[in-house]
Amino acid sequence: MNWEAILAPYSQVVKELKVKLKGMRAQFEYESKHSPIEFVVGRVKPVPSIIEKAEKKAIPLDEIDQEIQDIAGVRVVCQFVDDIYTVVEMIRSRNDLTIVEEKDYIARKKISGYRSYHMIIEYPVETISGMKIILAEIQIRTLAMNFWAINEHSLNYKYDGAIPEEIKNRLQRAAEAAFKLDEEMSKIKSEVREAQRVFRRI
Ligand code: 0O2
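Residues numbered from 1 in each chain as written. Predicted model: local features only at pLDDT ≥ 70, side-chain atom pairs only at ≥ 80, totals over all residues.

S.K.: What is the right way to read the nonpolar core from this model?
M.R.: Most often, soluble globular proteins have nonpolar side chains that are buried together. Membership of the largest hydrophobic core comes to 30 residues, with the highest contact counts inside it found for Val76, Cys78, Ala136 and Ile138. Elements represented by at least two residues in this core include exactly α1 (3–30), β2 (72–78), α4 (81–92), β4 (117–127) and β5 (130–142). Filtering out sequence-adjacent residues up to four positions away, Ala136 remains in contact with Val13, Leu17, Ala72, Gly73, Val74, Ile121 and Tyr123. (Core = buried A, V, L, I, M, F, W, Y, C linked by C-beta atoms within 7 Å. Buried ≥ 20, exposed ≤ 12 C-beta atoms within 10 Å, placed from the backbone. Helix = DSSP H or I, 4+ residues; strand = E, 2+ residues; numbered from the N terminus. Contact = placed C-beta atoms within 7 Å.)

Here you go:
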């Protein structure tokens with residue numbers, strides 16, 4: 001398989017979505033408004049991970065473009081939980097993409113303790129052989145949710161998906177702590193935003 005050619009439009013989508021989401025952040029800054037977006041990152045799923053996911057879900061390799069939704073992935077990280085829903089609304093109101101599915105792992109966290117808001121979208125991209133509709137996943141989460149998820153992801157990788165029970169328990173407690181941190185910060189968010197407005201003026 002010519003993976004480079006297959007993944008080229010996905011790489012284009014990641015680049016375009018990053019530019020657009022970062023552009024949204026910049027617009028808030030120009031208008032001296034609190035940006036619901038702290039930072040944006042993106043990646044194309046590495047080939048070994050695509051193959052592994054396809055094997056795990058019994059997806060034939062010629063169907064990955066329809067069946068694996070996160071080959072193109074963009075992550076939006078926010079300060080506060082309500083910023084997540086502001087970003088969700090902003091994405092819903094765009095007309096350069098179509099929302100296929102939304103997964104609210106904040107209202108209903110995963111058994112692992114994972115919390116995040118996922119939007120699966122269809123995004124049209126121009127290629128040299130015409131327009132192609134590409135599936136992409138946008139993950140929207142707070143800094144605390146992100147901290148937990150990147151650490152858990154590393155441990156999952158290290159233990160090949162079988163994290164020892166003791167560490168799993170610690171991760172559950174860490175997930176609780178991240179949840180509490182988000183909750184406490186939400187209670188003082190107007191204070192924090194005010195401080196950041198003043199700070200920006202200096
Ligand atoms: P990677 O390495 O990040 O690319 P589904 O068929 O919908 O049940 P799917 O397609 O895996 O399953 O969707 P889901 O569960 O929404 O997960 C998509 C991505 O969300 C994952 O991609 C992770 O990036 C992230 N994610 C989901 N659950 C967890 C979790 O428990 N911990 C962490 N750290 N991240 C999670 P990949 O392909 O699994 O991994």
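Having seen it, we continue.
S.K.: Just to check I follow, could you spell out α4 for this structure?
M.R.: The α-helix advances 3.6 residues per turn, and as a result positions three or four apart in sequence lie on the same side. With 12 residues, α4 extends 17 Å from end C-alpha to end C-alpha; this agrees with the ideal 16 Å at 1.5 Å per step. Where the residues of α4 are buried, they touch β2, β4, β5 and α6 (165–187). (Expected span 1.5 Å × (residues − 1).)

S.K.: Help me understand the sheet that holds β4, please; the structure alone is not making it clear to me.
M.R.: For sheets, the rule is that strands pair by backbone hydrogen bonds, running either parallel or antiparallel. Across the sheet, 5 strands lie side by side as β1-β2-β5-β4-β3; this open sheet has mixed pairing. Strands at the two margins of the open sheet, each flanked by one partner only, are β1 (39–44) and β3 (98–104). Taking the axes of each pair of neighbouring strands and ignoring which way they run, one obtains an average angle of 25 degrees across the sheet. (Pairing = 2+ DSSP bridges. Axes fitted to C-alpha atoms, helices over the stretch in contact; angles between N-to-C directions.)

S.K.: What should I look at first to understand the UniProt feature "domain: RelA/SpoT" (unreviewed entry) in the protein in this one?
M.R.: Using the residue numbers shown here, the UniProt feature "domain: RelA/SpoT" (unreviewed entry) corresponds to residues 42–163. The span residues 42–163 carries 34% helix and 34% strand; its end-to-end C-alpha distance comes to 26 Å. (UniProt positions renumbered as here; feature names shortened; annotations may be inferred.)

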